[in-house]
Amino acid sequence: MNLTSIPALQDNYIWTLNNDRGHCLIVDPGEAAPVINTLQQNQWQPVAILLTHHHHDHVGGVKELVEKWPQLVVYGPQETQNKGATEIVSEGDCFTILGNEFRVIGTPGHTLGHISYFSFPYIFCGDTMFSGGCGRLFEGTPEQMFESFHKLNNLPDDSLVCCAHEYTLSNLKFAQHILPQDNEIAACFQQIKDLRAKNHITLPTKLAFERKINLFLRTHEIDLQKIIGFNSPPYHQWQVFARLRELKDHF
């Protein structure tokens, strides 16, 4: 399978996976035009759409794509049923597309019904986990998002985080602000600055690397806890997660 990112809207990425026979699936099409252009240029035939949640910048292109390719199966959580989903899926469901099995992981937090899709090595996690950061909590709680991160963090080291936005630079700027002496974060921040200066994509990123530079995956670290104001160990790690998300919101 071949992974392709399609830039869309202001900072979205629409992901596609295609096989050697020219069939593909589409993840979170926030708009239709760039998808149609890419598929036509490569002579790909779409067979399915995967939706992670109901926000317009992830579902806005569904109607037009289905009108153009009526055979498309649209997978999504319950909250996307009125956004074009034809196959409602939830935590633990498995299905096969293009010979690959996809497992549905419930990842509420950004929205209450948000889901992610895993087919090794690909994690299509929408607005849950970003490189160096996490999604905003529009509907869910910090505890829910922490648990969602825990589920994703249990996936194999070589898994590729295919998130839906180019937020890496701002996330690493925040991480370096919190941990200015962290050499791994500093080196990554410089690398990301260079990539973005050339307008290059920073994704996907390996989960093993995210564990080093993503503060939201490091809530267990005592030094980080102290830096953000926990003078004694917090009762739950999700409280550290919540503090980090609050600091990021106001950064």
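About the criteria used
Residues numbered from 1 in each chain as written. Predicted model: local features only at pLDDT ≥ 70, side-chain atom pairs only at ≥ 80, totals over all residues. Heavy atoms only, no water. Axes fitted to C-alpha atoms, helices over the stretch in contact; angles between N-to-C directions. Helix = DSSP H or I, 4+ residues; strand = E, 2+ residues; numbered from the N terminus. Parallel < 35°, antiparallel > 145°, perpendicular 65-115°, else oblique. Left-handed = near helix turned anticlockwise from the far one by under 90°. Contact = heavy atoms within 4.5 Å. Nonpolar A, V, L, I, M, F, W, Y, C, P; charged D, E, K, R; others polar. Domains from an automatic or database assignment. Buried area = accessible area lost by both parts, 1.4 Å probe. Expected span 1.5 Å × (residues − 1). Buried < 20%, exposed > 50% of the residue type's maximum accessible area, 1.4 Å probe, protein only. Arc of directions from axis to C-beta. Salt bridge = Lys/Arg side-chain N within 4 Å of Asp/Glu carboxyl O. Disulfide = S-S within 2.5 Å.

Caption draft 1: Structural view of the packing of helix α5 (residues 168-178) against helix α6 (residues 183-197). It is the contact of α5 with α6, at a shortest axis distance of 9 Å, that shows an interaxial angle of 150 degrees. The angle between α5 and α6 places the two elements in the roughly antiparallel class. Between α5 and α6 lies a crossing whose hand is left-handed. The residues of α6 that touch α5, namely those facing T168, L169, L172, K173, A175 and Q176, are I185, A186, C188, F189, I192, K193 and R196. Grouping the amino acids of the contact of α5 with α6 by side-chain chemistry returns eight nonpolar, two polar and three charged.

Caption draft 2: Region of the structure containing the domain arrangement of the protein. What the domain assignment reports for the protein is domain 1 (2-162) and domain 2 (167-250). Of note, the centres of domain 1 and domain 2, computed from C-alpha atoms alone, are 24 Å apart. Of the residues lining the interface, 29 residues belong to domain 1; the matching set on domain 2 comes to 25 residues. Taken together, the two surfaces of domain 1 and domain 2 that pack against each other cover about 2500 Å², and 65% of this comes from carbon and sulfur.

Caption draft 3: Representation of helix α4 (residues 142-153) in the model. In this model α4 runs 16 Å from its N-terminal to its C-terminal C-alpha over twelve residues, within 8% of the 16 Å that 1.5 Å per residue would give. For α4, every residue scored as buried is listed here: M145, F146, S148, F149 and L152. Projected down its long axis, α4 carries its buried residues within an arc of 160 degrees, all on one side.

Caption draft 4: Region of interest: the pattern of salt bridges. For the coordinates displayed, the defined rule picks out eight salt bridges. In this structure, D249 and R136 form a salt bridge, with 3.2 Å as the shortest nitrogen-oxygen distance. Of this pair, D249 sits in helix α9 (residues 237-249) while R136 sits in the loop between β12 (133-134) and α4, and the two are 113 residues apart along the sequence. Since its relative accessible area comes to 41%, R136 is described here as partly exposed.

Caption draft 5: Spatial organisation of the state of the cysteines. Tallied over the full model, the rule gives zero disulfides. Note on C125: no disulfide assigned, nearest cysteine sulfur contributed by C163 at a separation of 5.4 Å. With no disulfide partner, C188 has as its closest neighbouring cysteine sulfur the one in C163, 12 Å distant. C188 sits in the buried class, given a relative accessible area of 4%.

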